[in-house]
There are 2 protein chains.
Amino acid sequence: MTESVDRQTAVARLRSADDILILCHKNPDGDTTGSAGALYQALKSLGKNVAVLCSDPIPKTYDYMDFTWFDGSFEPAFVVAVDVASIQLFGERNNVQEYVARANLCIDHHASNSGYAFETLLDPGAAATCELLLDVIQEMGVTITPAIANCLYTGVATDTGCFRFTNTTARTHQAAARLIEAGADIATLNERLFECRSHARIQIERLALESLEFFFEERCAMICLTWDQITSTGVAGSELEDLTSLPRSIEGVEVGLTLRQQKDGSFKISVRTGGTVDACRIARRLGGGGHTRAAGCEISGNLDNAKMAILDEVRKELGEPAQA
Amino acid sequence: MTESVDRQTAVARLRSADDILILCHKNPDGDTTGSAGALYQALKSLGKNVAVLCSDPIPKTYDYMDFTWFDGSFEPAFVVAVDVASIQLFGERNNVQEYVARANLCIDHHASNSGYAFETLLDPGAAATCELLLDVIQEMGVTITPAIANCLYTGVATDTGCFRFTNTTARTHQAAARLIEAGADIATLNERLFECRSHARIQIERLALESLEFFFEERCAMICLTWDQITSTGVAGSELEDLTSLPRSIEGVEVGLTLRQQKDGSFKISVRTGGTVDACRIARRLGGGGHTRAAGCEISGNLDNAKMAILDEVRKELGEPAQA
């Protein structure tokens with residue numbers, strides 16, 4: 001089991017370390033990438049030898065972050081993982097697991113952190129790892145340069161949906177203010193991170209809207225995407241995931257359903273609810289699970305069966321009469 | 001011409017006033033409504049008689065703001081306009097113009113403010129009138145209650161597209177942090193303000209995506225909505241306005257065009273550009289105008305003519321060869 005450490009201890013470890021390897025989680029997002037980029041720059045400015053490694057390539061979106069990829073040219077003496085909640089989340093490629101096994105320090109904000117590292121600086125109250133890393137880096141005695149600020153802002157902004165999600169706190173906004181004062185170019189970053197949709201995303205959005213149906217006096221909205229549609233657009237998993245919020249976002253809709261066909265023909269169903277409707281109860285009756293407002297399940301069989309099964313559970317939850 | 005006043009003076013005027021009428025701009029948005037709601041609550045807490053008036057009804061979205069509508073039951077001794085840049089923007093209904101003519105004070109953040117009030121507290125560096133009103137209200141000696149914080153957060157968040165637009169500054173985030181600490185319920189507000197789309201909006205989005213076309217090696221994207229489509233969905237002007245950012249938001253698109261047919265059959269064209277492309281130069285050649293990244297013009301005649309005319313100007317601006 002890991003040792004929980006406070007910020008002072010984590011700062012001391014980083015300051016005394018050298019030949020440092022920073023590890024990100026697989027399918028890297030803005031927070032793990034921004035954390036790695038910021039910590040890399042900070043350690044570099046202290047004259048240390050440092051590099052970054054991840055199971056997957058860093059998405060092009062984040063190519064403004066400047067760090068050296070680990071090429072095996074030095075033997076890491078200190079391994080630090082950023083924003084990675086469990087060993088499985090490191091992935092398997094690029095030999096990452098070899099270094100995970102001897103992770104000296106983990107800096108994270110996921111309450112679910114499994115404690116795989118020798119020491120862990122965990123702050124579940126932070127909206128993003130980058131939010132807590134801002135304090136860590138300043139306490140290391142490093143000036144927050146515009147480049148570091150850009151990295152940290154990326155993590156804070158992406159993990160909060162640009163300050164829209166419920167994890168956003170006063171401290172998140174204070175961090176954003178400090179990063180802007182330090183020179184974060186938020187005009188460029190916000191456009192890049194939040195105003196840009198891929199062609200695939202636009203195509204799948206169009207198909208999703210074409211498939212939109214309403215049920216139970218428009219209290220329930222459903223979109224449905226077939227395996228062919230998903231593969232022909234080439235849409236990324238994260239973009240598809242984003243779409244699941246669409247049906248629920250429509251005025252008056254209490255239950256939003258997204259049906260995504262899998263390769264084997266079965267349907268993965270995302271249930272999003274508002275008001276007092278329990279998404280988890282709907283999903284659980286079909287063998288799935290999740291949270292009160294976001295849950296999911298899988299149903300095999302053809303589209304009509306899947307629709308009928310999920311709508312029947314939604315009907316019960318909404319207290320609507322059985323339909324003819 | 002108006003007298004420019006500093007915050008201290010504006011605070012003194014408000015503290016010594018009574019029988020106060022607060023005026024909003026027509027087609028009220030989150031900032032003018034939030035400003036009115038917050039100032040109403042603040043003045044009320046100082047024991048004053050106060051009411052709010054606007055040429056148009058306040059949208060249902062903002063019905064959590066608690067203030068009294070002016071019903072003529074008292075004779076206003078002090079008139080204060082919030083977030084209104086010019087006399088025309090007050091509108092004509094509900095007798096507002098009668099009170100505009102004797103506006104004692106205007107509190108605003110629009111650099112274009114025409115100076116119609118006797119005294120004006122103008123801060124063009126503020127992202128929203130609510131951002132500067134936070135300091136005004138605190139300096140009035142009023143505690144920022146959760147209700148006041150909700151009103152002010154509404155203005156700050158809506159005028160910045162939830163901290164996404166380029167008017168967002170460190171001070172904007174600091175204001176948000178203070179409002180959260182004062183009890184603003186941002187989880188509820190963000191869902192209400194940013195996660196809810198009307199049925200009309202969803203329908204028009206679908207039609208817009210169906211009409212999407214690309215030109216000049218996908219450097220230009222165009223959506224087109226006919227008068228029939230616009231009227232049949234019953235979409236609000238502001239929702240339609242939002243859509244104009246869609247074509248430009250697609251990966252690789254430098255020029256985004258939105259063609260909206262008017263009642264007389266002519267087309268209103270919105271031009272949005274990225275990178276180095278000058279939207280204003282495109283629009284100006286067709287008799288329109290605007291800014292470098294957002295401009296507009298109108299073209300009469302049928303859809304094919306309108307398309308051809310605008311695409312020809314886009315082609316020149318992009319330096320693309322003439323098409324066969």
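This structure is a prediction, so every number in the text was calculated from the model and none was measured.

Concerning the domain arrangement of chain A
Here chain A is described as being made up of domain 1 (3-194) and domain 2 (202-318). Taking the mean C-alpha position of each, domain 1 of chain A and domain 2 of chain A sit 33 Å from one another.

Focus on the interface of chain B and chain A
Each partner contributes to the interface: chain B provides 38 residues, whereas chain A provides 38 residues. Regarding the contact of chain B and chain A, the summed buried area is about 3600 Å², with carbon and sulfur atoms giving 55% of it. It is Arg164(B), His173(B) and His199(B) in chain B that bury the most area against chain A; as a group they hold 18% of the surface buried on that side. Inspection of the chain B/chain A interface yields six salt bridges. Between Glu195(B) and Arg164(A) there is a salt bridge, with the nearest N and O atoms lying 2.2 Å from each other. Remark: the boundary between chain B and chain A carries 21 residue pairs in polar contact (both at pLDDT 80 or more). Elements with a contribution of two residues or more to the side of chain B that touches chain A: helix H6 (170-181), helix H7 (186-194) and helix H8 (199-211) of chain B. Sort the elements by how many residues they give to the side of chain B that touches chain A and H6(B) lands first, with seven residues. Here the residues of the side of chain B that touches chain A are counted per class, giving 17 nonpolar, nine polar and 12 charged.

Here's the deal with the packing of aromatic side chains
Under the criterion given, the structure shown has 13 aromatic pairs over all chains. Plain terms: the ring middles of Phe70(A) and Tyr99(A) are 5.4 Å apart, the flat faces sit at 85° to each other, and that makes the pair edge-to-face. Here Phe70(A), found in the loop between strand E3 (50-53) and strand E4 (78-82), pairs with Tyr99(A), found in helix H3 (residues 96-100); they are 29 residues apart in sequence, far enough to count as distant. You can call Tyr99(A) buried: its relative accessible area is 8%. Ring-pair connections join several aromatic residues into one group, and the members of that group are Tyr153(A), Phe163(A), Tyr153(B) and Phe163(B).

Quick look at the relation of the copies chain B and chain A
Rotating chain B by 180° and moving it 0.0 Å along the rotation axis overlays it on chain A with an RMSD of 0.1 Å. The symmetry that links the two subunits is that of a two-fold axis. Residues of chain B ranked by C-alpha distance from the rotation axis are headed by His173(B), positioned 2.5 Å from it. Mapped onto chain A, 100% of the interface residues of chain B are again interface residues, and the two copies thus contact each other with one and the same surface.

Calculation rules
- Residues numbered from 1 in each chain as written.
- Chains lettered and ligands numbered in written order.
- Predicted model: local features only at pLDDT ≥ 70, side-chain atom pairs only at ≥ 80, totals over all residues.
- Heavy atoms only, no water.
- Domains from an automatic or database assignment.
- Contact = heavy atoms within 4.5 Å.
- Buried area = accessible area lost by both parts, 1.4 Å probe.
- Salt bridge = Lys/Arg side-chain N within 4 Å of Asp/Glu carboxyl O.
- Polar contact = N/O pair within 3.5 Å; in protein donor to acceptor, adjacent residues only side chain to side chain.
- Helix = DSSP H or I, 4+ residues; strand = E, 2+ residues; numbered from the N terminus.
- Nonpolar A, V, L, I, M, F, W, Y, C, P; charged D, E, K, R; others polar.
- Phe/Tyr/Trp six-rings, centres within 6.5 Å; stacked < 30°, edge-to-face > 60°.
- Buried < 20%, exposed > 50% of the residue type's maximum accessible area, 1.4 Å probe, protein only.
- Least-squares fit on C-alpha atoms with pLDDT ≥ 70 in both.

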